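Structure at a glance
One letter stands for each residue in the lines below.
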Amino acid sequence: MRKICDEFWKTVNPAYACINELVVLPENGDCGFVEYFEYKAERIIDEKKIFSSFAPQNKLMLEYPEPDCKEPNVFEKFFESPCVVAQNHNFEGLFAIDISNYVNKLEHDRFLSLISYIKANPQTVYILFFYSDNEKEMQRVYRALLHHIDIIKTVLPEPTQAQLLDYTLEGLSNLNVPLENGIKGFFIDFYAKNKVGYDSADFLIRHLKLSGFKGTLEEVRTQIESLDIQNATSGNYTGMGY
């Protein structure tokens, strides 16, 4: 089951795949950003006819370090990362960068260095992303970026309760055990009361599978109480291993 809804995909214009993009993600958990990242990366590879010996050479996702980061040479390492991924060749493809640390520091020298890097490396397509549910904040960041680079804006929708329910039940069904009747009603109530994303559903399903899930409502309740899935994961995608 795809995480991003069909209604969103109908609005996506493939002709814009090779354009730099500001992507705004909801604050409450995973909305399927990796799915969108993979889609855009594949479109870029197809459109630009990029060839490489293995796919990860063309995809990179990193957090841009906070301005006062104390790690030695952290910014130098950040800007060298694309070359490392491309095995000392020019990086082509998609570079997604979490700019959450700079939403209120858009004129900071460190952020302007990132903008300069983007301008100096136009062979790459960039996604700059951050987390917000505030329309004014989204527009402020977008307008600031437009002063420096050509970029389009996309807001990924937060999953609905119905989407989370269907995704969770499908994941549990894939464990190949019969589910007690009360489980669906439990999750209807749970998602109505808790603002979470697909990451929480994935986290729960994974732990149920590892615990030898037998399909009972009691097991689901016990895992949710012990795992605290509302806080177990976040919407941060930069730890995904890209």
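Preceding this paragraph is the structure being described.
Reading guide: rules and limits
Every chain begins its residue count from 1, and numbering advances along the sequence as written. Local features in this predicted model are restricted to residues whose pLDDT is 70 or higher, and side-chain atom pairs enter the listing and the counts only when it is 80 or higher, whereas totals over whole chains, interfaces and linings include all residues. As a rule here, side-chain values come from all non-hydrogen atoms in the structure, and water together with hydrogens is ignored. Any residue under 20% of the maximum accessible area for its type is buried, any over 50% is exposed, and the rest in between are partly exposed; the area is computed with a 1.4 Å probe on protein chains only. Helix and strand labels come from DSSP, where a helix needs a run of H or I of at least four residues and a strand needs a run of E of at least two; each type is numbered from the N terminus. In this description, strands pair whenever DSSP reports at least two bridges between them. What counts as a disulfide here is a pair of cysteine sulfur atoms lying within 2.5 Å. Buried residues of nine kinds, namely Ala, Val, Leu, Ile, Met, Phe, Trp, Tyr and Cys, make up a nonpolar core once their side-chain atoms join them within 4.5 Å. When a carboxyl oxygen of Asp or Glu is within 4 Å of a side-chain nitrogen of Lys or Arg, the pair counts as a salt bridge. Contact definition: two residues touch when any of their heavy atoms are within 4.5 Å.

Across the eight residues that make up strand β4 (residues 124-131), a large majority, eight, are buried. Alternating residues of β4 divide into Thr124, Tyr126, Leu128 and Phe130 and Val125, Ile127, Phe129 and Tyr131, and every residue in both groups is buried. Two strands pair when backbone bridges link them, and strand β1 (residues 21-25) and β4 are joined in this way by five bridges, in the parallel orientation. Paired with Val23 across the two strands is Phe129, which belongs to β4. As defined by bridge partners, strand β3 (residues 93-98) adjoins β4 across six bridges and the pair is classed as parallel. Directly across from Gly93, in β4, lies its bridge partner Thr124.

Our next topic: the state of the cysteines. As enumerated under the stated definition, the model contains zero disulfides in all. Cysteine Cys31 remains unbridged, with the sulfur of Cys5 as its closest cysteine sulfur at 10 Å.

The next thing to look at is the nonpolar core. In terms of nonpolar packing, the biggest core is built from 31 residues, with Leu22, Phe95, Ile97, Ile99 and Leu128 touching the most fellow members. Every element with two or more residues in this core is listed here: β1, β2 (59-63), α3 (74-85), β3, α4 (109-120), β4 and α5 (135-146). Counting 23 residues, the second largest nonpolar core, distinct from the first, contains Val12, Met61, Phe129 and Leu156.

Overall, the coordinates contain ten salt bridges when judged by the stated rule. Note that Arg140 and Glu137 form a salt bridge whose closest N and O atoms lie 3.8 Å from each other. Of this pair, Arg140 and Glu137 both sit in helix α5, separated by three residues, roughly a single helical turn. The exposure class assigned to Arg140 is partly exposed, which follows from its relative accessible area of 32%. For Lys193, the salt bridge identified is with Asp189, shortest N-O distance 3.3 Å. One end of the pair is Lys193 and the other is Asp189, both in helix α7 (residues 182-193) and four residues apart, which spans about a single turn. What makes Lys193 exposed here is its relative accessible area of 63%. Taken together, the shared-partner salt bridges connect Lys3, Asp30 and Asp202 into one network.

Counting through the fold element by element, Glu21 comes out in strand β1. On the basis of relative accessibility, which here comes to 1%, the residue Glu21 falls in the buried class. Not counting the four nearest positions on each side in its chain, Glu21 is found in contact with Tyr36, Lys40, Tyr126, Ile127, Leu128, Ile151, Ile152 and Thr154.

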